[in-house]
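This is what each chain is made of:
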Amino acid sequence: MGKLVGMEVALAAAEAAALCRFEVAAVYPITPQSHVAEHLSDIVNDGRVDASFITVEGEHSALSAVIGASATGARVITATSSQGLLYMGEVMPIASGMRLPIVMIVANRAVSSPINIWNDHSDIMPMRDTGWITIFAENGQDAVDMVIQAYKIAENRDVMLPVIVTMDGFQLTHVVEPINIPDQEEVDRFLPPYNPYATLHPDRPISMGTLGMPEIFPEAQKAKDVALVNSIRVIKEVWDEWERLFGRKYEAVETYRTDDADVALLTMGSMGETAEVAVDELRRQDVKAGLVKIKLWRPFPFEDLKKALKGIRVLAVTDRAVSFGGPGGPVFSEVRSALYDEDVRPKIANFIIGLGGRDVQVGDFVTMVKRAAEGKLAEPYEFYGVRG
Amino acid sequence: MTDKKWPETWQEVNPGCMVFRPGSSSEYHTGSWRAKRPVWDNTKCIKCGLCYIYCPEGCIAENAEGFFQANMDYCKGCGICANECWTGAIKMVNEEG
Ligand code: SF4
Ligand code: SF4
């Protein structure tokens with residue numbers, strides 16, 4: 001089943017889109033996503049998929065182009081990073097409001113200023129409320145599998161929503177990892193050709209992206225919210241099917257050594273693997289530590305999170321973005337809010353880490369866990385390791 | 001969203017608010033917004049058709065004599081026709097009542 005290859009993750013993610021036989025790609029290159037754009041363009045140029053590659057003048061156009069293409073019934077792909085994602089922001093809620101199953105690869109990168117091309121989550125977090133299903137890859141295998149799964153989720157008639165698969169810029173996009181690339185036949189069995197709910201065609205005129213007067217707008221927004229909330233059922237079904245066919249398990253919230261844990265770390269994205277090593281180190285030092293990893297950010301997996309945190313006394317939530325002037329990092333806010341109605345809930349500390357590519361090492365996670373366990377935190381949230 | 005003007009409940013909203021009935025926007029009478037109406041003085045009109053071209057509602061049509069007039073169901077009173085008419089044949093006057 002599949003073939004294990006050593007491949008740069010950005011290229012592998014583009015290969016995954018090719019296995020899904022995308023028909024239109026519109027991508028504007030931006031570091032650290034550029035290798036995705038280049039490789040998609042190579043794939044189209046080499047005739048490996050029957051697709052058009054639209055060379056757009058910017059990210060707003062990239063997303064607008066795939067919105068149009070998707071509305072005609074094409075399977076589409078786009079990708080971006082950082083300022084590019086913010087530039088797409090204006091059309092992001094339109095893609096979801098029109099219920100188009102677009103798949104986008106986001107190579108997470110800090111947003112300016114100061115200008116910084118390295119990784120954190122300050123680009124993806126402002127997109128939280130735009131109505132896209134958002135899934136975080138932890139490693140190259142996740143990235144490949146999640147791109148393929150994304151089409152199956154997005155195109156499900158009970159979902160019909162765009163999906164972002166995020167992967168940390170450089171830390172994932174630019175590393176070469178051993179990745180199992182599924183065979184074309186396997187992907188074809190898993191993912192049938194796109195059968196759209198409705199399409200734009202001159203011979204059969206319909207209206208998409210219509211005006212919504214005050215008399216209908218709130219109902220339309222509620223319908224979109226319900227669709228997003230309910231999509232978790234389909235996401236889990238797709239992950240179950242994936243496990244049956246490909247043998248790799250995916251969960252909205254993954255846990256590592258939490259069964260008897262007293263204190264746990266919470267991460268999203270590529271730092272999960274470093275945090276696992278830290279948990280092993282803490283266990284060697286007789287600290288009952290565990291790790292909770294959120295893979296599904298939207299729809300937020302409330303029940304899975306509560307289950308994962310059973311018995312945890314102290315939780316150290318790590319954030320890789322700042323909610324300036326807010327209650328703490330965005331992940332921290334969500335997690336704390338999710339637990340508000342629980343009778344028994346952990347004490348939560350918030351560490352803002354890894355901003356703009358600042359390295360976070362095993363020893364840092366060990367320190368965070370120990371500090372959180374001792375309850376020694378100066379502020380509701382802490383910029384971990386910041387000098388001064 | 002087929003026959004009714006809009007759905008009663010959120011459950012009835014078509015995915016993405018798609019509308020499957022072509023031309024249904026013509027049922028929305030933008031003329032109800034109008035505070036001023038264009039009035040043509042055909043003695044000044046040279047039948048150039050610029051008002052017809054510029055009207056953002058597309059509600060100006062040519063009549064049998066080759067003059068132009070607006071459909072008041074859709075004319076929203078923006079005044080673009082009056083602004084563009086180079087002979088000054090169109091005046092915007094206040095709607096009364
Ligand atoms: S723009 Fe003025 S002159 Fe030209 S057709 Fe219209 S009313 Fe007549
Ligand atoms: S006022 Fe505006 S909408 Fe009305 S006819 Fe003139 S250009 Fe058209």
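Shown above is the structure to which this text applies.
Residues numbered from 1 in each chain as written. Chains lettered and ligands numbered in written order. Predicted model: local features only at pLDDT ≥ 70, side-chain atom pairs only at ≥ 80, totals over all residues. Heavy atoms only, no water.

Draft legend 1. Highlighting the overall build of chain B. Looking only at helices and strands, chain B has 2 helices and 4 strands in total. When its helices and strands are written in sequence order, chain B yields β-α-β-β-α-β. Taken over the C-alpha trace, chain B has a radius of gyration of 17 Å; the compact-globule value for 97 residues is 13 Å, which it surpasses by more than 25%. Taking the principal axes of the C-alpha coordinates as reference, chain B spans close to 55 × 30 × 20 Å. Residues classed as buried in chain B amount to 33% of the 97 residues present. Taking contacts inside chain B between residues at least 6 apart in sequence as the whole, the part at least 24 apart equals 59%. Total accessible area computed for chain B in this model is approximately 6,200 Å², and 52% of it derives from carbon and sulfur atoms. Counting 10 positive and 12 negative side-chain charges, chain B places the averaged centre of each group 5 Å from the other. (Helix = DSSP H or I, 4+ residues; strand = E, 2+ residues; numbered from the N terminus. Rg over C-alpha atoms; globule rule 2.2 N^0.38 Å. Buried < 20%, exposed > 50% of the residue type's maximum accessible area, 1.4 Å probe, protein only. Contact = heavy atoms within 4.5 Å. Areas by Shrake-Rupley, 256 points an atom, 1.4 Å probe, with all protein chains shown as cover. Lys, Arg positive; Asp, Glu negative; His and termini not counted. Charge placed at Lys NZ, Arg CZ, Asp CG, Glu CD.)

Draft legend 2. Examining the interface of chain A and chain B more closely. Counting residues at the interface gives 21 residues for chain A, matched by 13 residues for chain B. For the pair chain A and chain B, the summed buried surface comes to about 1,600 Å²; carbon and sulfur atoms form 75% of the total. Where chain A packs against chain B, one counts 0 salt bridges. Across the contact surface, chain A and chain B share 2 residue pairs in polar contact (both at pLDDT 80 or more). (Buried area = accessible area lost by both parts, 1.4 Å probe. Salt bridge = Lys/Arg side-chain N within 4 Å of Asp/Glu carboxyl O. Polar contact = N/O pair within 3.5 Å; in protein donor to acceptor, adjacent residues only side chain to side chain.)

Draft legend 3. Focus on the site of ligand 1. The full set close to ligand 1 counts 13 residues, and C45(B), C48(B), G49(B), C51(B) and C85(B) are the nearest of them. By residue class, the composition of the shell around ligand 1 is 10 nonpolar, 2 polar and 1 charged. (Near = heavy atom within 4 Å. Nonpolar A, V, L, I, M, F, W, Y, C, P; charged D, E, K, R; others polar.)

Draft legend 4. Region of the structure containing the environment of A95(A). Residues and elements named next belong to chain A. Tracing the backbone shows A95 in helix 5 (residues 92-97). As a C-alpha pair, A95 and S70 span 25 residues in sequence and 9.3 Å in three-dimensional space. Apart from the residues lying within four places of it in its own chain, the contact partners of A95 are I67, L100, I102, W132 and P162.

Draft legend 5. Here's a closer look at the nonpolar core. Residues and elements named next belong to chain A. Judged by nonpolar contacts, the single largest core of 60 residues is most densely connected at F22, I77, I133, I148, Y151 and M167. Sequence-distant contacts of I148, defined by excluding residues within four places in its chain, comprise A16, L19, C20, P182, V187, F190 and W242. Among the nonpolar cores identified, the runner-up in size contains 52 residues, and L85, I312, L315 and A321 belong to it. (Core = buried A, V, L, I, M, F, W, Y, C linked by side-chain atoms within 4.5 Å.)

Draft legend 6. Fine view of the packing of aromatic side chains. Residue and element names in this part refer to chain A. Scanning all chains against the criterion turns up 11 aromatic pairs over all chains. Between W297 and F300, the ring centres sit 5.9 Å apart and the planes meet at 75°, which makes this aromatic pair edge-to-face. Exposure class is identical for W297 and F300. Each is buried. Taken together, the ring pairs connect F190, W242 and F246 into an aromatic cluster. The ring of Y340 is capped by R345, whose NZ or CZ atom sits 5.7 Å from the centre of that ring. (Phe/Tyr/Trp six-rings, centres within 6.5 Å; stacked < 30°, edge-to-face > 60°. Lys NZ or Arg CZ within 6 Å of the ring centre and 35° of its normal.)

Draft legend 7. How the structure looks around the sheet that holds strand 11 (residues 289-294) of chain A. Residues and elements named next belong to chain A. With respect to topology, 6 strands assemble into an open sheet ordered 9-11-10-13-14-15, the strand pairing being mixed. At either margin of the open sheet sits one strand with a lone partner, and together these are strand 9 (253-256) and strand 15 (382-383). The pairing of strand 10 (residues 263-267) with strand 13 (residues 314-319) spans 4 bridges and is classified as parallel. When the bridges of strand 13 are listed, L266 appears paired with V317. Those strands touched by helix 9 (residues 271-284) are strand 9, strand 10 and strand 11, and its axis lies near 165° from that of strand 11. (Pairing = 2+ DSSP bridges. Axes fitted to C-alpha atoms, helices over the stretch in contact; angles between N-to-C directions.)

Remember that the coordinates give geometry; whether it matters functionally is a separate question.
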